[in-house]
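This is what each chain is made of:
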Amino acid sequence: MDKPKYKNPSNSILAELCLNTLCDEFKIYTLSKIMRQENDIPFINVLNNTAIGELTDEHCDLLNTRSNIPQEDIPYNAIRLFGENKLVNEYKMIRIQQEPGITYESISKDQILDKLSSEKKQKLLESLIYKKRQELNGLHHTLQLKIGIRYMMITNIDVSDGTLRRIDFNNKQEPITAWIDFGINKTIGRKTKLKFNKQNNNTNETSYVPIGKISPPLTNKSGLQISRTQFPLTPAEAITIHKSQGETYDKVCLDLRKLNKKYVTHSMMYVALSRVRKLEDIYLLGRFIPLPKKKNNNIQEIIKEMNTNRQLQISLSYDFPGNELKIIYHNATNHLELISKRF
């Protein structure tokens, strides 16, 4: 099923010198089986043809059985996928407002660790409020917390989303601990729970994971040391298609009406549609219309070209000062042909 796509050079007159090439260190494999949707063959065929831009009318009809579904029939726990961060953030706010209950705010505590005048520190602290959180270790300045909303850990990409189930407060009524339910995976946060129980003499068993605030130091563009104290959480009710790559969700809702057709690619559409295991688990808002076919879509020819023309080759450069010998690796076979003629 899996075959290496690169091999050590064999057609070179200098091949005997290639004893330890980069080819020995890694291999490239062609994956020939889709594992996520392995039990839904019609859906697999649709996804494969979506990726290469060869959807038939039959494929489109199958996808459109999942389109124009009324909002009230879309599961509440369906992850919303969007093409732009702006739309993701807008939906997160809407979703938090829709969830019944009280919305609590966790305001970050920002500090300037370098010695500056009080005036400069205050000015810098005020500027941090409007900085993108990506510039501050992904931590929000103002994080809205609401019971029942899903959140994603920003410090561990291997942890799935979880639902906020409980919030602990200090005597100033500031949130200090967020308890996240990661579902059936009971191994997530096991050490964190043990540490929390030991520090707080807590004997109550719970499947929820206590998440406290963190204060990772960082250096801004001016070289100043600053720190932001905040929960390492961000709402996860929606996500961009790009960031959803590699994830598997139980239910996904994709709003086709809000996709910018100018920037949507076949690969992007494939990622969006393939986040679920079965076709019945995807919900499309708007009617699915296939993208134009790709101009050059012969995957086998591309793989053949990789095998024949892009193999790692070795050549000698003898335009060097003194008696120094240099061995240089090339990816272009025409360089090898030129050197072969010289030798």
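Values in this document were obtained by computation on a predicted structure and should not be read as measured data.

Basis of the calculations
- Residues numbered from 1 in each chain as written.
- Predicted model: local features only at pLDDT ≥ 70, side-chain atom pairs only at ≥ 80, totals over all residues.
- Heavy atoms only, no water.
- Helix = DSSP H or I, 4+ residues; strand = E, 2+ residues; numbered from the N terminus.
- Buried < 20%, exposed > 50% of the residue type's maximum accessible area, 1.4 Å probe, protein only.
- Contact = heavy atoms within 4.5 Å.
- Areas by Shrake-Rupley, 256 points an atom, 1.4 Å probe, with all protein chains shown as cover.
- Pairing = 2+ DSSP bridges.
- Right-handed = clockwise from strand over helix to strand, strands pointing away.
- Axes fitted to C-alpha atoms, helices over the stretch in contact; angles between N-to-C directions.
- Lys, Arg positive; Asp, Glu negative; His and termini not counted.
- Salt bridge = Lys/Arg side-chain N within 4 Å of Asp/Glu carboxyl O.
- Polar contact = N/O pair within 3.5 Å; in protein donor to acceptor, adjacent residues only side chain to side chain.
- pLDDT = per-residue confidence, 0-100.
- Phe/Tyr/Trp six-rings, centres within 6.5 Å; stacked < 30°, edge-to-face > 60°.
- Lys NZ or Arg CZ within 6 Å of the ring centre and 35° of its normal.
- Parallel < 35°, antiparallel > 145°, perpendicular 65-115°, else oblique.
- Nonpolar A, V, L, I, M, F, W, Y, C, P; charged D, E, K, R; others polar.
- Core = buried A, V, L, I, M, F, W, Y, C linked by side-chain atoms within 4.5 Å.

1. Points about the overall build of the protein chain
At step 1: Each helix and strand in the protein chain was counted, giving 8 helices and 16 strands.
At step 2: Within the protein chain, buried positions represent 39% of all 343 residues.
At step 3: A fraction of 67% describes how many contacts in the protein chain between residues 6 or more apart in sequence connect residues 24 or more apart.
At step 4: By element, 50% of the accessible surface of the protein chain is carried by carbon and sulfur atoms, the whole surface being about 21700 Å².

2. As for the pairing of strand 13 (residues 252-255)
At step 1: On strand 13, burial covers both faces: Val252 and Leu254 on one face and Cys253 and Asp255 on the other are all buried.
At step 2: Sheet topology note: the strand 1 (residues 79-82)/strand 13 ladder contains 3 bridges and is parallel. Bridging from a neighbouring strand, isoleucine 79 pairs with valine 252 of strand 13.
At step 3: Here 4 bridges tie strand 13 to strand 14 (residues 282-285), and the two strands are oriented parallel to one another. Within the sheet, the bridge partner assigned to leucine 254 lies in strand 14 and is leucine 284.
At step 4: For the crossover that starts at strand 13, traverses helix 6 (residues 266-273) and ends in the parallel strand 14, the hand is right-handed.

3. Some details on the sheet that holds strand 6 (residues 162-169)
At step 1: Read across the open sheet, the 5 strands follow the order 8-7-6-5-11; overall the sheet is antiparallel. At either margin of the open sheet sits one strand with a lone partner, and together these are strand 8 (209-212) and strand 11 (233-235). Looking at each pair of strands side by side, their axes are set apart by 45 degrees on average, direction ignored.
At step 2: Taken together, the 6 bridges between strand 6 and strand 7 (residues 175-181) define a ladder with antiparallel strand orientation. Bridge pairing in strand 7 places isoleucine 167 opposite alanine 178.

4. Some remarks on the side chain of arginine 80
At step 1: Inspection of the secondary structure assignment puts arginine 80 in strand 1.
At step 2: Buried and without a salt bridge, arginine 80 has aspartate 255 as its closest oppositely charged side chain, separated by 6.0 Å.
At step 3: Within the local environment of arginine 80, its side chain forms a polar contact with the side chain of glutamine 71, the two groups lying 3.5 Å apart.
At step 4: Excluding its chain neighbours within four sequence positions, the residues that come into contact with arginine 80 are Gln71, Ile74, Tyr91, Glu237, Ala238, Ile239, Cys253 and Leu285.

5. Concerning the confidence of the model for the protein chain
Predicted coordinates in regions of low pLDDT should not be interpreted in detail.
At step 1: Chain-level pLDDT for the protein chain is 79 on average; 68% of the residues reach the 70-or-more range.
At step 2: Confidence over residues 1-6 falls short of pLDDT 50; this stretch has 22 contacts with residues more than four positions distant or in other chains.
At step 3: In the model, residues 312-318 has pLDDT below 50 throughout and makes 37 contacts with residues more than four positions away in sequence or in other chains.

6. Let's talk about the environment of tyrosine 91
At step 1: On the secondary structure map, tyrosine 91 appears in helix 3 (residues 85-98).
At step 2: Each C-alpha atom, one on tyrosine 91 and one on glutamate 237, is 7.8 Å from the other, the two residues being 146 residues apart in sequence.
At step 3: Sequence-distant contacts of tyrosine 91, that is, excluding residues within four places in its chain, are made with Arg80, Phe82, Glu237 and Ala238.

7. Quick look at the packing of aromatic side chains
At step 1: Evaluated as defined, the whole model comprises 2 aromatic pairs.
At step 2: Aromatic side chains phenylalanine 82 and tyrosine 91 sit 6.0 Å apart centroid to centroid with 45 degrees between the ring planes, which places their arrangement in the tilted category. Residues phenylalanine 82 and tyrosine 91 agree in their burial class; the two are buried.
At step 3: Sitting above the plane of the tyrosine 76 ring, arginine 95 keeps its charged end 3.7 Å from the centroid.

8. A closer look at the packing of helix 1 (residues 41-52) against helix 6
At step 1: The N-to-C vectors of helix 1 and helix 6 enclose an angle of 155 degrees; their axes lie 7 Å apart at closest approach. Considered as vectors, helix 1 and helix 6 are oriented roughly antiparallel to each other. For the pair helix 1 and helix 6, the contacting residues are Phe43, Leu47, Thr50 and Ala51 in the first and His266, Met269, Tyr270 and Leu273 in the second.
At step 2: Residue composition of the contact of helix 1 with helix 6, by class: 6 nonpolar, 2 polar and no charged.

9. Points about the pattern of salt bridges
At step 1: Inspection of every chain in the model, using the stated rule, returns 10 salt bridges.
At step 2: Put simply, arginine 150 and glutamate 237 hold a salt bridge, and the shortest N to O gap is 2.9 Å. Note that arginine 150 is positioned in strand 5 (residues 150-153) and glutamate 237 in the loop between strand 11 and strand 12 (238-240), a separation of 87 residues in sequence. For the pair shown, arginine 150 and glutamate 237 are each scored as buried.
At step 3: Close ionic contact of aspartate 255 with arginine 257 constitutes a salt bridge, the shortest N to O distance being 2.9 Å.
At step 4: The class for arginine 257 is exposed, based on a relative accessible area of 55%.
At step 5: Linked by salt bridges that have partners in common, Arg95, Glu99, Arg150 and Glu237 make up one network.

10. Let's talk about the nonpolar core
At step 1: Counting 26 residues, the largest nonpolar core has Leu81, Ile241, Leu254, Met269, Leu273 and Phe288 as the members making the most contacts within it.
At step 2: At the level of elements, helix 1, helix 2 (57-63), strand 1, strand 13, helix 6 and strand 14 are the ones that each hand at least two residues to this core.
At step 3: No other element matches the 5 residues that helix 6 contributes to this core.
At step 4: Contacts of methionine 269, omitting those with residues within four sequence positions, involve Thr50, Leu254, Leu256, Leu259, Val264 and Phe288.

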